[in-house]
Amino acid sequence: MVKFNFYKFELKSFAILVLQTSLPNMAATVTRICGTGLLKINNGTLLQRANFSSARTWSRGRKAFLATIGVLGGGGVGLALALDQSVKASDLELHAPKNPWSHNGIFAALDHASVRRGYEVYKQVCAACHSVQYLAYRNLIGVTHTEAEAKAEAEEIQVRDGPDEEGNYFMRPGKLSDYLPKPYPNEEAARAANNGAYPPDLSYITLARHGGEDYIFALLTGYCDAPAGVNLREGQYYNPYFPGGAISMAQALYNEVMEYSDGTPATASQLAKDVCTFLKWAAEPEHDDRKKMTLKAIMIFSFLLSITYYIKRHKWSVIKSRKIAFKPSSK
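Residues numbered from 1 in each chain as written. Predicted model: local features only at pLDDT ≥ 70, side-chain atom pairs only at ≥ 80, totals over all residues. Heavy atoms only, no water.

(A) Fine view of the overall build of the chain. In terms of helices and strands, the chain carries 10 helices and 8 strands. With 331 residues in all, the chain has 30% of them scored as buried. At a minimum sequence separation of 6, the contacts of the chain that also span at least 24 residues come to 59%. With an accessible surface of roughly 21,600 Å², the chain has 58% of that area assigned to carbon and sulfur atoms. (Helix = DSSP H or I, 4+ residues; strand = E, 2+ residues; numbered from the N terminus. Buried < 20%, exposed > 50% of the residue type's maximum accessible area, 1.4 Å probe, protein only. Contact = heavy atoms within 4.5 Å. Areas by Shrake-Rupley, 256 points an atom, 1.4 Å probe, with all protein chains shown as cover.)

(B) Quick look at the UniProt feature "binding site: heme c" (unreviewed entry) in the chain. On the UniProt side, "binding site: heme c" (unreviewed entry) is annotated at positions that read Cys126, Cys129, His130 and Met249 here. What stands out for the annotated residues spanning 124 residues is how close their C-alpha atoms remain, the widest pair being 10.8 Å apart. Residue position: Cys126 is located in the loop between helix H4 (112–124) and helix H5 (147–155). With residues near it in sequence (within four places) discarded, Cys126 still touches Val121 and Val275. (UniProt positions renumbered as here; feature names shortened; annotations may be inferred.)

(C) Geometry of the pattern of salt bridges. Across all of its chains, the model carries 15 salt bridges by this definition. The partner of Glu153 in a salt bridge is Lys123, with the nearest N and O atoms 2.9 Å apart. Taken together, the positions of Glu153 in helix H5 and Lys123 in helix H4 put the pair 30 residues apart, joining distant regions of the chain. With a shortest N-O distance of 3.7 Å, Lys292 and Asp289 are connected by a salt bridge. Placement of the pair is Lys292 and Asp289 together in helix H10 (residues 287–321), with a separation of 3 residues, close to one helical turn. We classify Lys292 as partly exposed; its relative accessible area is 49%. (Salt bridge = Lys/Arg side-chain N within 4 Å of Asp/Glu carboxyl O.)

(D) Just the nonpolar core, in detail. Core analysis: the biggest nonpolar cluster contains 40 residues, and Tyr137, Phe278 and Trp281 have the highest contact counts within it. Sorting the residues of this core by element identifies H4, H5, helix H8 (213–221) and helix H9 (268–283) as the ones contributing at least two each. Ranked by residue count, the leading element in this core is H9, at 8 residues. Those residues in contact with Tyr137 that sit more than four places away from it in its chain are Tyr119, Ala150, Glu153, Ala154, Ile157, Lys175, Leu176, Asp178, Tyr179, Leu180 and Pro181. (Core = buried A, V, L, I, M, F, W, Y, C linked by side-chain atoms within 4.5 Å.)

(E) Main features of the packing of H8 against H9. Running from N to C, H8 and H9 cross one another at 150°; their axes reach a closest spacing of 9 Å. As the angle between them shows, H8 and H9 are arranged roughly antiparallel. For H8 against H9, the interelement crossing comes out right-handed. Within the contact between the two elements, H8 uses Glu213, Ile216, Phe217, Leu220 and Thr221 and H9 uses Ala268, Ser269, Ala272, Lys273, Val275, Cys276, Leu279 and Lys280. Classifying every residue of the contact of H8 with H9 gives 8 nonpolar, 2 polar and 3 charged. (Axes fitted to C-alpha atoms, helices over the stretch in contact; angles between N-to-C directions. Parallel < 35°, antiparallel > 145°, perpendicular 65-115°, else oblique. Left-handed = near helix turned anticlockwise from the far one by under 90°. Nonpolar A, V, L, I, M, F, W, Y, C, P; charged D, E, K, R; others polar.)

(F) View of H10. Between its first and last C-alpha, H10 extends 49 Å over 35 residues, near the 51 Å set by a 1.5 Å rise per residue. At Lys315, H10 is deflected by roughly 35°, the largest bend along its length. Tucked inside the fold, the buried residues of H10 contact H4 and H9. (Expected span 1.5 Å × (residues − 1). Bend = angle between axes of the 7 residues up to and from the residue.)

(G) Structural context of a nonpolar patch on the surface. Taken together, the side chains of Ile300, Phe301, Phe303, Leu304, Ile307, Tyr310 and Ile311 define a hydrophobic patch exposed on the protein surface, amounting to about 750 Å² of accessible area. As for its placement among the helices and strands, Ile307 is situated in helix H10. (Patch = residues over 30% accessible without salt bridge, like charges linked within 9 Å, V, L, I, M, F, W, Y side chains within 5 Å.)

(H) Representation of unusual backbone geometry within the structure. In the segment running from Gly162 into Pro163, the intervening peptide bond is cis, with an omega of 0°. By secondary structure assignment, the location of Pro163 is in the loop between strand S4 (158–161) and strand S5 (170–173). Positioned with a positive phi, Asn195 is a non-glycine residue whose angle comes to about 55°. Mapped onto the elements, Asn195 comes out in the loop between helix H6 (187–193) and helix H7 (205–208). Even without a glycine there, the phi angle at Glu256 is positive, about 60°. By the secondary structure assignment, Glu256 is in the loop between strand S7 (246–247) and H9.

Below you can see the structure in the form of structure tokens.
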């Protein structure tokens, strides 16, 4: 009597086991074709093997060639990283330091009071030059303002609409569906008003700049006198965090340059912090919802994982510990 003992085998071995129970020769053939060395025939008995490596059959020259390719590839990647770091170290601008933002945690939400104050900073200081063209007044509802407050904010602007029944365009108060107004009608007008420099749109500025809100905060608070040897043209200012150091935007945030509606002291760092938080929300309005969904997904999948593990142990406990014996006919 030929016995086949299987105690521990993986899913691939189990698939071959089905063939072994009725067609041992076919199973051995499939094993040789696969080349994985899962089974071995010893005196008419099929034994399980754990040789999954196909590199044992490689020639010495092939191994040396692949090892050389791996070493050269790893060395090339290391050289590229070293050159990239050396180029960054030789730049003229400083790199923005990391700040402990309250929303940096895995499950930390944005400070909505800070987002509201940041909207006030943008409206009173930044909106004179920069636009947020992808942000509508309806987006403020439930985040920084109530519906009535958002409607009041929208009605403060005049929007060109039409044509009417007579084919004429007219001006009307803004609605919740309107987007925040642009300070200039086009790019050419913006450059003409800023000595040739174009103020970028701030809708996605925290995602478009390396460092995100850390860079914006450092830029807004990093103005200083130009060091010796740095020549600035008329209308330029020195900021070490800006590439090249020469920036056409003048320092906009000072202590007490405006007043908050909630009475928060309007220091320059507080203004910069709040407007950075507002721009973070403007670029990622789904920020809080994404983190809430992540927390829910972790909880649900943890529960499903425990059930799956229990079912796996329950179903496979019999299969992994059973003994299968094949008895050929006695004819």
